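Here is how the chains run, residue by residue.
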Amino acid sequence: MIENRRFNLIRLHPRSDSGYVSQNRTVMATGLDGFIRPDPDQGLFVHQTRMLSCYRYKVNGKEPMSVALSNVEQHSWMGYYIQARPGREQDSNPDRGSGQVQPISEETIELRLSRFVGLGVHEDVELTNFSQVEVEFELVLECDGDFLDQLESSESRQQCGELLREWRRADDGAHELRFDYRAQHHFDHQGNIGDATMHRGLAVRIARSDAEPGYEGGQIRFPIKIGPLQHWNACIELVPYIEGEAMPSLYECAAFGGEENLLDRRRELFFAESTHFSTIESDTLAHVVSTACEQAKRDLAALRLYDMDRSPREWTMAAGLPLYIALFGRDTLTASWEAASVSASMMVGALAELPKTQGTTVNDWLDEEPGRMIHEAHTGPLATLRYNPRVRYYGSATTSKFYPVALAELWHWTGDKALVQPFIEPAMKCLQWMDEYADFDRDGFYEYRTHSEQGTIHQGWKDSRDAIVWADGSQVSPPVSTCEEQAYAYIAKLHMSELLWWLDRKDEARQLFHQAQEFKKRFNERFWWEQEQFFYMGLGPKDEPIDSVGSNVGHLLAAGIVDHALVQPTAKRFMQDDLFTGWGIRTLSSKHPAFNPYSYHRGSVWPVEHGTFAIGMMRFGLYDYVERVCKGMFEAAGMFDFERLPEVFSGHQRDAQHPFPALYPKTCWPQAWSASAIFAMVQSMLGLYPYAPLKVLIVDPHLPEWLPEITLRNLHVGEAVVGLRFWRREDGGSDYEVLSKRGTLHIVRQPSPWSTTDGFAGRIVDLLTSFLPRHV
């Protein structure tokens, strides 16, 4: 296997043609020059509505040259632009020396833009004259809006309302260009009939300017006159309006530092109280690991949906930038579950938010059923006006099964009965939905299919329309029982039985436990694929096995549904070269006729799965496999800017011809559950298993050579807060020490209770060493 350090120049940036400044529901998507043109995927998007389709500056009639542009944080950005002073664009006496210096760098007019996204946008505009003469010219800001839905920006337009533009003087004296958009739609979808309306707008406000602005033909014009080494300034505010309610920028001038507003304060609170990861190593992957962990925290915070905060410490996030700035049920549950070692705040936020839209009736258009949790909730024009069912759409088989799993994880990390109690009944409704509505043919396994005319075809973990394929490459038509959906059902019942037992609902707990055990037995009998020493991807519409090799099976290990006798052969098959690329596990075997490394789910690599895979392999004590999975993924992370993993990358084999992977064309970056996978992988290598109800934290570190040391500080388990340092010994084993501890917590070294590789004697030794001075 080739080593990354041989290729020091590899730095991948998934969005090579665009840039993003974003926070909450507001995304400013520009070209690499920082300007917005009426191109697909560019614009100022607020609640998935493109309020600006054009936003660019001209200096003296020309676009200036961009020389340095970058995000400072996800919500802030700065760009430097230059242009030769008027009259020196053409040099009649060019520099013939070795430097061949151009006028643009000798007599320079600099335009510096500083953007800050809050709910709206604040932009500082500064011009500086770095020539030795006074200059006069015109600064022009071209801007326009079309109020397309985010989907319509790259597809055909469906909703067409009335858009008014007005240049006016606001009540406070500021000049502003006001866009006002109103639309309505009469909808009739499978018995859902009505009239939907939408009223959205945007004010481009000149909050402050050193010159009186004017407006003509889509251009805001500023007459500029600047002496040598003098500055000219303006402040522009982009204020969106959603149903008449203004969304202020929240930022003022030069706001690159400090806690300026509520959003900043809540973000900094999360950083201060979450687990901190650090290492002193520099010659290994350790630096990538610690950097990736800290960046992943920032990415989760950057995707926070502040309008859904339950409290400053209880919140949830959007799925990913730029496509998924909306609430996705399974994404938020998965991300909060995988990131639980960082903070329980995201789990609480997700568990509190999803019951607000839990299904209450049968509505085929929405794929809604009683007890079912939503898949997605969008706020864009097409959803708001009911052109599609995505304003509140339930087409996921995973969300309802995973809700009880995330709730049990919250219990394991907090041990707080009062905290979990409000979420018990929503979780029980999820289990009731599963048994009453998700087993169509009453064969004891759980299928999915859509009833909606615009529904999601495949509703398991892999939800693209061509994700599930037969052995010959043809597509499987639902109803389908994918193997991972059975695993989620099993662990949902198993974990809810445990939680109900603690809450003294022992009869229900006993019933769910027996159901889970019986289900596990039937699953292994029906889904085991003897020829491949693997599990079938699923069962087709006639309950026939889907004999395709894919990543779905990794979820079975994490759920613990695999019979102990089948764990080793399953893991061994899972790590063969047709699935494992060297960087990660493919969604579909490269030997399959439908394999495509650029597809969404037929051969690509999803980082989020690797957090789950690592947890599953840790569960069964397969630390060699944990190390291989984590190493490949962290080596991949080291090739991306900021050590930030994308949503999905290509499934090319890692070899001499492929020193780095390609990318899925529309991959999101950052992506919530790619960020969360980082923490799940670290948790797996450290063998962290919290059980706050008993004030216990189990550790079983197995650090590889490429991660010889790592320190976790501010780790919360129940009411205790602990700092731990882990390191690799010279004999290849791993050890730990307790650096700090506040509150009662028993830290015990033990392998996973389900380990297939650790014997009784080893467990006793581990238990006794837990009482050594540095371990308590």
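One structure accompanies this document, and this report is about it.

Quick look at the overall build of the protein chain
From N to C terminus, the protein chain includes 16 helices and 32 strands. Scaling as 2.2 N^0.38, a compact globule of 776 residues should have a C-alpha radius of gyration of about 28 Å, and the protein chain matches this with 28 Å. Principal axes of the C-alpha set define a box for the protein chain whose edges measure 85 × 65 × 55 Å. Across the 776 residues of the protein chain, 62% fall into the buried class. For the protein chain, the computed accessible surface area is about 29400 Å², with 49% contributed by carbon and sulfur atoms. Charge-centre separation for the protein chain: the mean point of 77 positive side chains lies 2 Å from the mean point of 107 negative side chains.

Considering the pairing of strand 17 (residues 231–242)
Most of strand 17 is tucked away, with 11 of its 12 residues classed as buried. Where strand 9 (residues 121–129) lies against strand 17, eight bridges are found, and the strand directions are antiparallel. Residue pairing in the sheet places Glu126 in a bridge with Asn233 of strand 17. Counted along the chain from strand 17 to the antiparallel partner strand 18 (residues 245–246), the turn is two residues long, and its residue Glu243 has a positive phi close to 50 degrees.

Some thoughts on the sheet that holds strand 3 (residues 43–46)
The strands making up a sheet are joined through hydrogen bonds of the backbone, oriented either antiparallel or parallel. The antiparallel open sheet is built from five strands, whose spatial order is 1-2-3-4-11. At either margin of the open sheet sits one strand with a lone partner, and together these are strand 1 (18–23) and strand 11 (148–149). In this structure, strand 1 lies alongside strand 2 (residues 26–31), joined through six bridges in antiparallel fashion. Bridge pairing links Gly19 to Thr30 in strand 2.

Focus: the environment of Ser290
For Ser290, the location among the structural elements is in helix 2 (residues 286–302). According to the relative accessible area criterion, Ser290 is buried, its value standing at 9%. Along the backbone, Ser290 and Leu707 are 417 residues apart, and their C-alpha atoms lie at a distance of 9.8 Å. Excluding anything up to four places from it in sequence, Ser290 contacts Phe277, Ser278 and Thr279. At 3.2 Å, the side chain of Ser290 forms a polar contact with the backbone oxygen of His287.

Let's talk about the packing of helix 8 (residues 424–437) against helix 9 (residues 483–502)
Look at helix 8 against helix 9: their axes get within 11 Å of each other, and the N-to-C directions meet at 145 degrees. The hand of the helix 8/helix 9 crossing is left-handed. Together, Ile424, Ala427, Met428, Leu431, Met434 and Asp435 of helix 8 and Ala489, Ala492, Lys493, Met496, Leu499 and Leu500 of helix 9 make up the contact between the two elements. When grouped by side-chain class, the residues that make up the contact of helix 8 with helix 9 number 10 nonpolar, no polar and two charged.

What about the pattern of salt bridges?
Counted by the stated rule, this structure contains 52 salt bridges. In this structure, the salt-bridge partner of Asp309 is Arg304, at a minimum N-O distance of 2.9 Å. Overall, the relative accessible area of 15% leaves Asp309 in the buried class. Relative accessible area serves as the criterion here: at 0%, Arg304 is assigned to the buried category. Here Arg390 and Glu376 are joined by a salt bridge, their closest N and O atoms 3.0 Å apart. Here the residue Arg390 occupies a position in the loop between helix 5 (381–384) and helix 6 (398–414), and Glu376 occupies one in strand 21 (residues 376–377), the gap between them amounting to 14 residues. When sorted by exposure, Arg390 lands in the same class as Glu376, which is buried.

With respect to the environment of Glu544
Tracing the backbone through its elements, the reader meets Glu544 in the loop between strand 25 (538–539) and strand 26 (545–546). Residue class for Glu544 comes out partly exposed when judged on its relative accessible area of 26%. Sequence separation of Glu544 and Ser752 is 208 residues, and the distance between their C-alpha atoms is 35 Å. If we skip the residues at most four places from it in the chain, Glu544 touches Trp470, Gly538 and Leu539. A distance of 2.7 Å separates a polar side-chain atom of Glu544 from the backbone nitrogen of Lys542.

Quick notes on the packing of helix 3 (residues 329–338) against helix 4 (residues 345–353)
Packed helices, taken two at a time, are described by the angle their axes make and the gap between the axes. At their nearest, the axes of helix 3 and helix 4 sit 8 Å apart, and the two run at 155 degrees to each other. Taken as axis vectors, helix 3 and helix 4 run roughly antiparallel relative to one another. Where helix 3 crosses over helix 4, the handedness of that crossing is left-handed. Side by side, helix 3 and helix 4 meet where Thr332, Leu333, Ser336 and Trp337 of the first sit next to Met346, Met347, Ala350 and Leu351 of the second. Residue classes in the contact of helix 3 with helix 4 are distributed as six nonpolar, two polar and no charged.

Observations concerning the packing of aromatic side chains
If you walk through the whole model with that rule in mind, you get 36 aromatic pairs. Both rings, one in Phe445 and one in Phe527, keep their centres 5.3 Å apart while their planes meet at 75 degrees; by these two values the pair is edge-to-face. Here Phe445, found in the loop between helix 8 and strand 22 (481–482), pairs with Phe527, found in helix 10 (residues 506–527); they are 82 residues apart in sequence, far enough to count as distant. We note that Phe445, like Phe527, is buried. Here Tyr689 and Trp754 contribute two aromatic rings whose centre-to-centre distance is 5.9 Å and whose plane-to-plane angle is 65 degrees, an arrangement assigned as edge-to-face. Of this pair, Tyr689 sits in strand 27 (residues 689–691) while Trp754 sits in the loop between strand 32 (746–749) and helix 16 (760–769); the two residues are 65 residues apart in sequence, bridging distant segments of the chain. Overall, Tyr689 belongs to the partly exposed group, its relative accessible area being 25%. Through a chain of ring-to-ring contacts, the aromatic side chains of Phe445, Tyr446, Phe519, Phe523, Phe527, Trp528 and Phe535 assemble into a single cluster. Here the guanidinium or amino end of Arg522 rests over the ring plane of Phe445, the centre of that ring lying 5.1 Å away.

What about the sheet that holds strand 30 (residues 720–728)?
A sheet is described by the order of its strands in space; here four strands give the open sequence 19-29-30-31, paired in antiparallel fashion. At either margin of the open sheet sits one strand with a lone partner, and together these are strand 19 (276–278) and strand 31 (734–742). The sheet shows a mean angle of 15 degrees between the axes of neighbouring strands, direction not considered. Of the pairings in the sheet, the one linking strand 19 to strand 29 (residues 709–717) comprises three bridges and is antiparallel in character. Each bridged residue has a counterpart across the sheet, and for Phe277 the counterpart in strand 29 is Leu712.

Details of the pairing of strand 14 (residues 192–209)
In terms of strand pairing, strand 13 (residues 175–189) meets strand 14 through 15 bridges, oriented antiparallel. Bridge assignment links His175 to a residue of strand 14, and that residue is Ile206. Between the antiparallel neighbours strand 13 and strand 14 lie two residues, among them Gln190 with a positive phi of about 50 degrees.

Some points on a nonpolar patch on the surface
On the surface, Met65, Val67 and Tyr80 cluster together into a nonpolar patch covering about 250 Å² of accessible area. Here Tyr80 is to be found in strand 7 (residues 76–84). Residue Tyr80 is classed as partly exposed on the basis of its relative accessible area, which comes to 30%.

Some remarks on helix 8
With 14 residues, helix 8 extends 20 Å between its outermost C-alpha atoms, agreeing within 8% with the 20 Å of an ideal straight helix rising 1.5 Å per residue. Its buried side turned inward, helix 8 meets helix 6, helix 7 (417–420), helix 9 and helix 10.

Quick notes on helix 15 (residues 672–686)
In an α-helix there are 3.6 residues to a turn, and that puts residues three or four apart on one side. Given a rise of 1.5 Å per residue, 15 residues ought to cover 21 Å, and the 22 Å separating the end C-alpha atoms of helix 15 matches this to within 8%. The positive-phi residue at the C-terminal boundary of helix 15 is Gly687, with phi of around 65 degrees.

What counts, and where the lines are drawn
- Within every chain, residues take consecutive numbers counted from 1 along the sequence as written.
- Two thresholds apply to this predicted model, a pLDDT of at least 70 for residue-level local features and 80 or more for giving and counting side-chain atom pairs, whereas whole-chain, interface and lining totals are computed over all residues.
- Note that the side-chain values use all heavy atoms of the structure and ignore hydrogens as well as water.
- Numbering goes from the N terminus for both helices and strands, where a helix is a DSSP run of H or I of at least four residues and a strand is a run of E of at least two.
- C-alpha atoms define the radius of gyration in this analysis, and the globule rule sets the expected value at 2.2 Å times the number of residues to the power 0.38.
- Each residue is assigned to one of three classes by its accessible area relative to the maximum for its type, calculated with a 1.4 Å probe on protein chains only: buried under 20%, partly exposed between the two thresholds, exposed over 50%.
- Residue-level accessible areas treat just the shown protein chains as cover; the underlying method is Shrake-Rupley with a 1.4 Å probe.
- A positive count includes Lys and Arg, and a negative count includes Asp and Glu. His and the chain ends are not counted in either.
- Here the site of a charge means atom NZ of a Lys, CZ of an Arg, CG of an Asp or CD of a Glu.
- By this definition, two strands are paired if DSSP reports at least two bridges between them.
- Contacts between residues were defined by any pair of non-hydrogen atoms, one from each residue, lying within 4.5 Å.
- Counting of polar contacts relies on pairs of N or O atoms within 3.5 Å, with two restrictions inside protein: one atom must be capable of donating a hydrogen and the other of accepting it, and residues adjacent in sequence are counted only when both atoms are side-chain atoms.
- Axes here refer to lines fitted to C-alpha atoms; in helices the fit is confined to the stretch in contact. Angles between the N-to-C directions go from 0 to 180 degrees.
- Handedness of each helix crossing follows the sense of rotation of the near helix against the far helix: counterclockwise by less than a right angle gives left-handed, clockwise gives right-handed.
- Following the grouping adopted for this structure description, the nonpolar residues are Ala, Val, Leu, Ile, Met, Phe, Trp, Tyr, Cys and Pro, the charged ones are Asp, Glu, Lys and Arg, and the polar ones are all others, Gly among them.
- Any Lys or Arg side-chain nitrogen located within 4 Å of an Asp or Glu carboxyl oxygen qualifies as a salt bridge.
- Note that the term roughly parallel is reserved for angles under 35 degrees, roughly antiparallel for angles over 145, roughly perpendicular for angles of 65 to 115, and oblique for everything else.
- Whether two aromatic rings pair depends on their centres lying within 6.5 Å, for rings of Phe, Tyr and Trp, where Trp uses its six-membered ring; planes under 30 degrees apart make the pair stacked, over 60 edge-to-face, and the rest tilted.
- To sit over a ring, a charge needs its Lys NZ or Arg CZ within 6 Å of the ring centre and within 35 degrees of the ring normal.
- To count toward a patch, a residue needs a relative accessible area over 30% and no salt bridge; like charges are then connected within 9 Å, while nonpolar side chains (Val, Leu, Ile, Met, Phe, Trp, Tyr) are connected within 5 Å.
- A helix's residues, less one, multiplied by 1.5 Å, set its expected span.

What is shown is where atoms sit, not what they do.
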